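Structure assessment
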Amino acid sequence: MGVFDIYLLEALINGVLLGGVLALLSLGLNLVFGVIDVVWICYAELIMLGMYAMYFLASVYHAPLLLAAALSIAAVGVLGVLLHVLVIAPLLGAAPINQLLATGGVLFFLQSAATILFGIEFKNLGLRLPVLKVAGMFISYSRLLAFAAALIGMVLVYLFLSRTYTGAAIRAIAQDRQIMTLMGVDSRRIYVITSALGGGLAGLAACLLVLQYDVHPFVGLSFGPITFLICVLGGLGNFLGGFVAAFVFAEIISVGGLYLDLEWGYVFAFAFFIAMMFVRPQGLLARRS
Amino acid sequence: MLQLTGVRAGYGSFQALFDVSLEVRAGEAVGVIGPNGAGKTTLMRVISGLIRPTAGQLTMEGVDVLATPPHRIVELGIAHVPESRRLFPRMTVEDNLKMGGFAPAARAKFRQRLAVVYELFPRLRERRRQLAGSMSGGEQQMCAIGRALMSEPRLLLLDEPSAGLAPVVVDHVFALLGTIRAAGVTVLIVEQNVQQVLRVVERAYLLKAGRIRAAGAAGELLDGARLREAYLGV
Ligand SMILES: Nc1ncnc2c1ncn2[C@@H]1O[C@H](COP(=O)(O)OP(=O)(O)O)[C@@H](O)[C@H]1O
Ligand SMILES: [Mg+2]
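Some thoughts on the sheet that holds strand β3 (residues 29–33) of chain B
Residues and elements named next belong to chain B. With mixed pairing, six strands are arranged side by side in an open sheet as β6-β7-β8-β3-β9-β10. This sheet does not close on itself; its edge strands, each paired only once, are β6 (78–81) and β10 (211–217). Strand-to-strand, the axes of this sheet are offset by a mean angle of 15 degrees, without reference to chain direction. Direction of pairing for β6 relative to strand β7 (residues 155–159): parallel, over a ladder of four bridges.

Here is the structure:
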């Protein structure tokens, strides 16, 4: 194998690792949209708060990493429920534009609140995870860890959705909202559970991202737009579509970044997104109907 | 068993039902017929809690249905097979049935109910891993009825179960009604297929423009219906 091939392979592998995390990111947003029919514009800001939770618990209060992660996930899950109960639920009957504006307002509120509370300095866990060298390739341990944890998180969500009654109701409500009453399902309860799950997924994403990135009040801007685009590319509310789109995006970023530099990877990814919006506006796996 | 008294209901400022009173006794099969837009579907929705009436009383076996949260009405023994089936198309047949047995009491009996439904509809057993939306219209109607039976209802509401089905399948659906009734389930059925439904029910109500216009034994209405066909177009 030539040097070129090794770089390409390394980029492909990194693309898969990035794809796992992006898939996790998009799953939370997709789940909430599919079930509640509302886009959490402030989704990435929940992740930002989760990253701060990790930072304070692990670096300031020296909690063991796993405990810090569990508490951060739970905290963001609670935030998801609060977001739903305080902002979304009262607006469920309102026009979609009002819902967007409201969650958009929460985005700026959370950014400003974080700036006041935590300052604008970049914070990190100060962990230096090793880099693995496999067959001449460099694979970052933190990316590997993030990928594995994202995968485990997604498998758990999958099992929950496919095995439990509540999970079945979550899938069903995304397909026919009105008749849930006939099934004996209290939709409001399902919404709260979904919000907790969406928040929990944002919390898990926060734990993984804080291993690789510094946290600051505006860090959400680095993941928010891309998460949203992945969901749209996969077809908003289509879980499988989001999963596939996350890997497609990640490979474009990773392999595109190999030939030029990382910024170009993003340029390609967004250009691909715009092109796809012309070709398949309903998303990659859109059903013809 | 089911008693409606002076029920008014509608959508926003539009009133679709005007002082509807109706009774279904245990063990009966009762039909509701009437032209398109008469309010038949609205009536079914009121009974199962999809919409709340603006006036009137509604009781099931003496229990005030209007005092029950809508999602708990199924626990009173009422199951509603909605118009145009409304299956969850991207879920398997068995997951659809599972949703029908969502209520706590039904969950405990899931295996048992599933066996009953598969016995009634062997076709559903064969297709249990298939996506509901990929089945034929007749199979989907069976799945919709099966889903409703999962909650072990005492009263089954059927809203135009024969709509959009091929004539042989329609016959099959009407034949099934007998089997369902033999299992002790009371039936309230809405149909456009007037001639056929009046042969399987004991009594029927004629609904037009949101009001009950006639009620009586199926035989009487059948004669009357022939007369009315000319000017009602039903
Ligand atoms: N969701 C709705 N919103 C507003 N009006 C409705 C709705 N559903 C039905 N209607 C109106 O209520 C009346 C009764 O409708 P429906 O109960 O569906 O009649 P049927 O089932 O007898 O054909 C009709 O005039 C119909 O246009
Ligand atoms: Mg109707």
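Some thoughts on the side chain of B:Lys98
For B:Lys98, the location among the structural elements is in helix α2 (residues 93–100). With sequence-adjacent residues up to four places away left out, B:Lys98 is seen in contact with A:Ser162, A:Arg163, A:Thr164, A:Tyr165, A:Ala168 and B:Phe110.

Looking at the sheet that holds strand β4 (residues 55–60) of chain B
Backbone-to-backbone hydrogen bonds pair the strands of a sheet. The strands run either parallel or antiparallel. Residues and elements named next belong to chain B. The four strands lie next to each other as β2-β1-β4-β5, forming an open sheet whose pairing is antiparallel. In the strand order of this sheet, the two ends are held by β2 (14–24) and β5 (63–64), each with one partner. Strand direction decides the pairing type here: strand β1 (residues 2–11) and β4, joined by five bridges, are antiparallel. Directly across from Leu2, in β4, lies its bridge partner Met60. Helix α1 (residues 40–48) contacts β1, β2 and β4 of the sheet and is inclined by roughly 115 degrees relative to β1.

Side note on the state of the cysteines
Residue and element names in this part refer to chain A. Summed over the entire model, instances satisfying the criterion amount to zero disulfides over all chains. Not part of a disulfide, Cys42 finds its nearest cysteine sulfur in Cys231, a span of 14 Å. Taking relative accessible area as the criterion, Cys42 reaches 0% and is therefore assigned buried.

Comments concerning the interface of chain A and chain B
Accessible area lost on assembly of the parts is the figure often given for the size of an interface. At the junction of the two partners, chain A supplies 21 residues and chain B supplies 23 residues. In total, chain A and chain B occlude about 2200 Å² of area from one another, counting both sides; carbon and sulfur atoms represent 64% of this. There are two salt bridges connecting chain A and chain B. Here chain A is connected to chain B by five residue pairs in polar contact (both at pLDDT 80 or more). Those elements that provide at least two residues to the side of chain A that touches chain B are α5 (141–163) and α6 (165–173) of chain A. Per element, the largest residue contribution to the side of chain A that touches chain B is six residues, and it comes from α6(A).

Remarks on the site of ligand 1
Residues and elements named next belong to chain B. Around ligand 1 sit Tyr11, Phe14, Ala16, Pro35, Asn36, Gly37, Ala38, Gly39, Lys40, Thr41, Thr42 and Arg45, and that is every residue in its neighbourhood. The backbone of Gly37 places a nitrogen or oxygen atom 2.7 Å from an oxygen atom of ligand 1. Side-chain polar atom of Thr42 to an oxygen atom of ligand 1: 2.5 Å apart, as the coordinates give it. Relative to its unbound accessible surface of 550 Å², ligand 1 loses 63% to contact with the protein. Here the shell around ligand 1 is composed, by residue class, of five nonpolar, five polar and two charged.

Considerations on the packing of aromatic side chains
Residue and element names in this part refer to chain B. In the structure shown here, the tally under the stated rule is eight aromatic pairs over all chains. Sitting over the ring of Phe102, Arg107 keeps its end group 4.5 Å from the ring centre. Between Arg211 and the ring centre of Phe18, over which it is positioned, the NZ or CZ distance is 4.3 Å.

A closer look at helix α9 (residues 239–259) of chain A
All names here are of chain A. In a regular helix each residue adds 1.5 Å, so 21 residues correspond to 30 Å; α9 covers 31 Å between its end C-alpha atoms and thus fits that length. Buried residues of α9: Gly241, Gly242, Ala245, Ala246, Phe247, Phe249, Ala250, Ile253, Ser254, Val255, Gly256 and Gly257, and no others. N-cap assignment for α9: the residue whose side-chain oxygen lies 3.3 Å from the backbone N of Leu240 is Asn238.

Focus on the domain arrangement of chain B
Residues and elements named next belong to chain B. Entries for chain B in the domain assignment read domain 1 (1–77 + 153–234) and domain 2 (83–152). Tallying the contact residues gives 18 residues for domain 1 and 15 residues for domain 2. Area buried by domain 1 at its contact with domain 2 is led by Pro153, Leu176 and Ile180, which between them contribute 32% of it. Our count for the contact surface shared by domain 1 and domain 2 stands at zero salt bridges. On inspection of domain 1 and its partner domain 2, the count reaches one residue pair in polar contact (both at pLDDT 80 or more). Going through the elements one at a time, β7 and α7 (167–182) are the ones with two or more residues in the side of domain 1 that touches domain 2. Ranked by residues supplied to the side of domain 1 that touches domain 2, first place goes to α7 with six residues.

Calculation criteria
Every chain is numbered independently, its residues counted from 1 as its sequence is written. Just so you know, chain letters begin at A and ligand numbers begin at 1, following the order they were written in. Only residues with pLDDT of at least 70 are given local features in this predicted model, and only at 80 or more are side-chain atom pairs given and counted; all residues enter the totals for whole chains, interfaces and linings. Side-chain calculation: all heavy atoms of the structure are included, whereas hydrogens and water are not. Between any two strands, pairing holds if DSSP finds at least two bridges. To qualify as a helix, a DSSP run of H or I must reach at least 4 residues; to qualify as a strand, a run of E must reach at least 2; elements of each kind are numbered from the N terminus. The convention used is that axes are lines fitted to C-alpha atoms, helices contributing only their stretch in contact, and that angles between N-to-C directions extend from 0 to 180 degrees. The criterion used for residue contact is that any of the two residues' heavy atoms lie within 4.5 Å. To count as a disulfide, a pair of cysteine sulfur atoms needs to be within 2.5 Å. Throughout this description, buried means an accessible area under 20% of the type-specific maximum (1.4 Å probe, protein chains only), exposed means over 50%, and partly exposed covers the range between. Computed with a 1.4 Å rolling probe, the buried area is the accessible surface lost when two parts are put together, summed over both parts. Only one rule defines a salt bridge in this text: a Lys or Arg side-chain nitrogen within 4 Å of an Asp or Glu carboxyl oxygen. In protein, a polar contact means a hydrogen-donor-capable atom and an acceptor-capable atom, both N or O and within 3.5 Å, with residues adjacent in sequence counting only if both atoms are side-chain atoms; elsewhere, any N or O pair within 3.5 Å suffices. It suffices for a single heavy atom of a residue to lie within 4 Å of a molecule or strand for the residue to be listed as near it. Each accessible area is a Shrake-Rupley result for a 1.4 Å probe, and residues are judged covered by the shown protein chains and nothing else. All residues other than Ala, Val, Leu, Ile, Met, Phe, Trp, Tyr, Cys, Pro, Asp, Glu, Lys and Arg, Gly among them, are scored as polar; the first ten of these are nonpolar and the last four charged. Under the pairing criterion, centres of Phe, Tyr and Trp rings, with the six-membered ring standing for Trp, must be within 6.5 Å; the plane angle then separates stacked pairs below 30 degrees from edge-to-face pairs above 60, leaving the rest tilted. Two limits define a charge over a ring: the Lys NZ or Arg CZ must be within 6 Å of the ring centre, and within 35 degrees of the ring normal. Helices are assigned an expected span. That span is 1.5 Å times one less than the residue count. What fixes the domain bounds is an automatic or database domain assignment.

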